[in-house]
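# Descriptive structure summary
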Amino acid sequence: MAHEAAVHEAVTHPPAGHIVRFVDRLDHPTKPPPELPVPRRINGAGRVLAGVALAAAAVGSALVIRTLWTEGSPGWWFSALFTVFIALVALGLGIAYVGWLRRIGEERSASTAWRAAIAGVRGERGTVTHRDVRLGEDGDVLGITMTVRTSDGAVVGASWRPTGEVRRLLQPQVPGVGSSARVWRAPGAGPVLVDVLDPTVVRAVPTD
């Protein structure tokens, strides 16, 4: 039962090392990529600067809260209301920062595992059996989660997020249920790469 629950969680909420990649053709390349195509992240110095900025924001928030309670205000309810609001914003930023760092660590671990297991990575045909699409306010696709069943009956989940090198997608361009895929899997519970056809590439239609 616990194993089934873990499998379901990995399919519906894929870990950082389960990635969807858009390709021009599913029959090429015939070998897995040497590097797992994880999203590009800012370097260590950038992460430190982000942490410093967050710490400065926390100090600023504390000073604002102190001012609310020591200076004149319309009443205690005003100070309490804005104290809660500022505290929730600061807490949300802190949680987001920690989650971001955790995601970076997971992606690094997945990349390392992929390189270590590259000799054993094998490609299999697959079919998309389910998809979830997250949209932005302008209709652009912000994220995709796919469930794919391989030719040997295994079910895997993978996700896609837009990166600087990938063009914008609209919902009608997302591969639908029944679309073909190619699944590259590392041995055991290692990373997974799901290739699907790039919907932004125009392909020649055979003529009689």
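Residues numbered from 1 in each chain as written. Predicted model: local features only at pLDDT ≥ 70, side-chain atom pairs only at ≥ 80, totals over all residues. Heavy atoms only, no water.

## Looking at the overall build of the chain
Counted only if it meets this: To qualify as a helix, a DSSP run of H or I must reach at least 4 residues; to qualify as a strand, a run of E must reach at least 2; elements of each kind are numbered from the N terminus. Only protein chains enter the accessibility calculation, which uses a 1.4 Å probe. A residue is then buried if its area is under 20% of the maximum for its type, exposed if over 50%, and partly exposed in between. Note on contacts: a residue pair qualifies if any of its non-hydrogen atoms lie within 4.5 Å across the two residues. To be clear on the numbers: accessible area is Shrake-Rupley with a 1.4 Å probe, and residue cover counts the displayed protein chains and nothing else.
When helices and strands are counted, the chain shows three helices and six strands. Starting at the N terminus and walking to the C terminus, you meet the elements of the chain as α-β-α-α-β-β-β-β-β. Each of the 208 residues in the chain was classed as buried or not, and the buried ones make up 32%. Taking as baseline every contact in the chain between residues at least 6 positions apart, the subset at least 24 positions apart corresponds to 69%. About 13000 Å² of surface is accessible on the chain, with carbon and sulfur atoms providing 62% of the total.

## Let's talk about the confidence of the model for the chain
The predicted coordinates ought not to be read in detail in places where the model reports low pLDDT. For the record, the criterion: pLDDT runs from 0 to 100 and stands for how confident the predictor is about each residue.
Per-residue confidence for the chain gives a mean pLDDT of 83, with 88% of residues at or over 70. Considering only residues more than four positions removed or in separate chains, one finds that residues 1–9, a stretch of pLDDT under 50, has one contact.

## Notes on the nonpolar core
Going by this rule: Throughout this description, the term nonpolar core refers to a set of buried Ala, Val, Leu, Ile, Met, Phe, Trp, Tyr and Cys residues connected via side-chain atoms within 4.5 Å.
If you look at the biggest cluster of nonpolar residues, it comprises 17 residues, and the most contacted ones within it are Val20, Ile144, Met146, Val148, Trp160, Val194 and Val196. Examining the composition of this core, we find that four residues originate from one element, strand β3 (residues 141–150), more than from any other. When near neighbours in sequence (up to four residues on either side) are disregarded, Val196 contacts Val20, Arg21, Phe22, Val23, Leu26, Met146, Pro175, Ser180 and Ala181. Residues Ile19, Leu36, Trp114 and Leu193 belong to the second largest nonpolar core, which totals nine residues.

## Looking at helix α2 (residues 44–70)
What counts is decided by this rule: A helix is expected to span 1.5 Å for every residue after the first.
Helix length check: α2, at 27 residues, gives a terminal C-alpha distance of 39 Å against a target of 39 Å (1.5 Å per residue), a fit within 8%. Residues of α2 that are buried: Gly46, Arg47, Gly51, Ser61 and Leu68. Lining the buried residues of α2 we find α3 (76–117).

## Let's talk about a nonpolar patch on the surface
Selection criterion: Nonpolar side chains (Val, Leu, Ile, Met, Phe, Trp, Tyr) are joined into patches within 5 Å and like charges within 9 Å, using only residues with over 30% relative accessible area and no salt bridge. When a carboxyl oxygen of Asp or Glu lies within 4 Å of a side-chain nitrogen of Lys or Arg, that pair is called a salt bridge.
Taken together, Leu81, Phe82, Phe85, Val89 and Leu93 make up a surface patch of nonpolar side chains, about 470 Å² in accessible area. Here Leu93 shows up in helix α3.

## Considerations on the packing of α2 against α3
Note the cut-off: The angle between two axes is taken between their N-to-C directions and runs from 0 to 180 degrees, where each axis is a line fitted to C-alpha atoms and a helix contributes only its stretch in contact. Orientation categories follow fixed angle ranges, with anything under 35 degrees roughly parallel, anything over 145 roughly antiparallel, 65 to 115 roughly perpendicular, and all other angles oblique. Classes in brief: Ala, Val, Leu, Ile, Met, Phe, Trp, Tyr, Cys and Pro nonpolar; Asp, Glu, Lys and Arg charged; the others, Gly included, polar.
Between α2 and α3, the least distance of the axes is 9 Å, while the angle of their chain directions is 170°. The angle between α2 and α3 falls in the class roughly antiparallel. Classifying every residue of the contact of α2 with α3 by side-chain character gives 17 nonpolar, five polar and two charged.

## Points about the packing of aromatic side chains
The test is simple: The criterion for an aromatic pair is that two Phe, Tyr or Trp rings (for Trp, the six-membered ring) have centres within 6.5 Å, with stacked assigned to planes under 30 degrees apart, edge-to-face to planes over 60 apart and tilted to the rest.
With the rule as written, the count across this model stands at four aromatic pairs. On the basis of an interplanar angle of 45° and a centroid distance of 5.9 Å, the ring pair of Tyr97 and Trp100 is categorised as tilted. Pair noted here: Tyr97 and Trp100 are both in helix α3, with a separation of three residues, about one helical turn. Here a set of aromatic residues connected by ring pairs shows up, and it is made of Trp77, Phe78 and Phe82.

## So, the pairing of strand β5 (residues 180–185)
Put simply, the test is: Any two strands with at least two DSSP-identified bridges between them are counted as paired.
Sheet topology note: the strand β2 (residues 122–135)/β5 ladder contains six bridges and is antiparallel. Following the sheet pairing, Thr127 is matched in β5 by Ser180. Across four bridges, β5 lies against strand β6 (residues 192–197) in antiparallel orientation. Of the residues in β6, the one forming a bridge with Val183 is Val194. The loop that links β5 with its antiparallel partner β6 comprises six residues; one of these, Gly188, has a positive phi angle of about 70°.

## Regarding the pattern of salt bridges
Under the definition given, this model contains six salt bridges. Linking Glu35 and Arg115 is a salt bridge whose minimum nitrogen-to-oxygen distance equals 2.9 Å. With Glu35 in the loop between β1 (18–23) and α2 and Arg115 in helix α3, the pair connects residues that are 80 residues apart, well separated along the chain. Overall, Glu35 belongs to the partly exposed group, its relative accessible area being 41%. Across the pair Glu107 and Arg103 runs a salt bridge, and its minimum N-O distance is 3.6 Å. Linking Glu107 with Arg103, this pair stays in helix α3, spanning four residues, or about one helical turn. Glu107 gets classed as buried once you look at its relative accessible area, which sits at 4%.

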